[in-house]
Amino acid sequence: MTVSLQRILASDFPTWIEQSCAEYVGDLLAQGRSHEEARRIAVESMARSFPEGTQSPGNEVFHVMNEVGAAVGYLWIGQDVTTDPGAWWVWDVFINADLRGQGHGRRTMLLGEEYARSHGARSLGLSVFGFNTGARRLYDSLGYETTSVKMLKKLD
């Protein structure tokens, strides 16, 4: 099984923004947010990163392509918003649900690390929702370390 990264075309970018936004909304809903709040947070987040609704400096978005040239997911990676130019961030990584558990995510992350390293990165960070145990296991197995934990208790 082989995957590669293919930079997203400008013509595909609006569709990607909608897909990534929808995925983020789904994660926020799973976290217990209302649909309205989740949509607002996701839309505002995308507007901050892509103010013109198009690709912006410091952000690279790739289709994850399988060995036959079909897109199986995407990777959004770029420099962190800190003042450290060597700090990079995985803003979003997504593998189609029916293809998870087959190594695509692992290979995508390794390719992302190679890309970041080749562009001067000395560290690569990411956030993962607590409920996403599959992704957390993957990141642990790749050597990512927990640097913070955010906790919540609902007080009905």
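As shown above, the structure is provided for reference.
Residues numbered from 1 in each chain as written. Predicted model: local features only at pLDDT ≥ 70, side-chain atom pairs only at ≥ 80, totals over all residues. Heavy atoms only, no water.

Student: So what's going on with the overall build of the chain? Which residues, and what values?
Tutor: A tally of helices and strands in the chain yields 4 helices and 5 strands. Written out in order from the N terminus, the α and β elements of the chain read β-α-α-β-β-β-α-β-α. At 16 Å, the chain has a C-alpha radius of gyration in line with the 15 Å of a compact globule built from 156 residues. Taking the principal axes of the C-alpha coordinates as reference, the chain spans close to 50 × 40 × 35 Å. Across the 156 residues in the chain, those meeting the buried criterion constitute 37%. Counting contacts in the chain only where the partners sit at least 6 residues apart, residues at least 24 apart contribute 55% of the total. Entry remark: accessible area of the chain is about 9700 Å², with carbon and sulfur atoms responsible for 52%. Separation of charge centres in the chain, based on 15 positive and 19 negative side chains, amounts to 6 Å. (Helix = DSSP H or I, 4+ residues; strand = E, 2+ residues; numbered from the N terminus. Rg over C-alpha atoms; globule rule 2.2 N^0.38 Å. Buried < 20%, exposed > 50% of the residue type's maximum accessible area, 1.4 Å probe, protein only. Contact = heavy atoms within 4.5 Å. Areas by Shrake-Rupley, 256 points an atom, 1.4 Å probe, with all protein chains shown as cover. Lys, Arg positive; Asp, Glu negative; His and termini not counted. Charge placed at Lys NZ, Arg CZ, Asp CG, Glu CD.)

Student: How would you summarise the packing of aromatic side chains if you had to cite specific residues and measurements?
Tutor: Under the defined criterion, the tally for this structure stands at 14 aromatic pairs. Ring centres 5.7 Å apart and planes at 85° place the aromatic pair Trp-16 and Phe-50 in the edge-to-face group. On the criterion of sequence distance, the pair formed by Trp-16 in helix 1 (residues 13–30) and Phe-50 in the loop between helix 2 (35–49) and strand 2 (59–66) is long-range, its members being 34 residues apart. We classify Trp-16 as buried; its relative accessible area is 3%. For Phe-50, a relative accessible area of 3% puts it in the buried group. Summarising the aromatic geometry, the rings of Trp-76 and Trp-91 are spaced 6.1 Å apart at their centres and angled 35° between planes, so their arrangement reads as tilted. Placement of the pair is Trp-76 in strand 3 (residues 71–79) and Trp-91 in strand 4 (residues 87–95), with a sequence separation of 15 residues. The partly exposed category is assigned to Trp-91, whose relative accessible area is 29%. (Phe/Tyr/Trp six-rings, centres within 6.5 Å; stacked < 30°, edge-to-face > 60°.)

Student: Give a detailed account of the packing of helix 1 against helix 2, specifying residues and quantitative values.
Tutor: Relative to each other, helix 1 and helix 2 sit at 140°, their axes nearing to 9 Å. One way to sum up the angle between helix 1 and helix 2 is to call them oblique. Helix 2 is crossed by helix 1, and the crossing has right-handed handedness. On helix 2, the residues that touch Trp-16, Ile-17, Glu-18, Ser-20, Cys-21, Tyr-24, Val-25, Leu-28 and Leu-29 of helix 1 are His-35, Ala-38, Arg-39, Ile-41, Ala-42, Val-43, Ser-45 and Met-46. (Axes fitted to C-alpha atoms, helices over the stretch in contact; angles between N-to-C directions. Parallel < 35°, antiparallel > 145°, perpendicular 65-115°, else oblique. Left-handed = near helix turned anticlockwise from the far one by under 90°.)

Student: Let's hear about helix 3 (residues 104–118): which residues, and what values?
Tutor: With 15 residues, helix 3 extends 21 Å between its outermost C-alpha atoms, agreeing within 8% with the 21 Å of an ideal straight helix rising 1.5 Å per residue. For helix 3, the set of buried residues is His-104, Gly-105, Thr-108, Met-109, Leu-111, Gly-112, Glu-113, Tyr-115 and Ala-116. Where helix 3 is buried, its residues touch strand 1 (3–7), strand 2, strand 3, strand 4, strand 5 (123–126) and helix 4 (133–141). Within two residues after helix 3, Gly-120 carries a phi angle of roughly 95°, on the positive side. (Expected span 1.5 Å × (residues − 1).)

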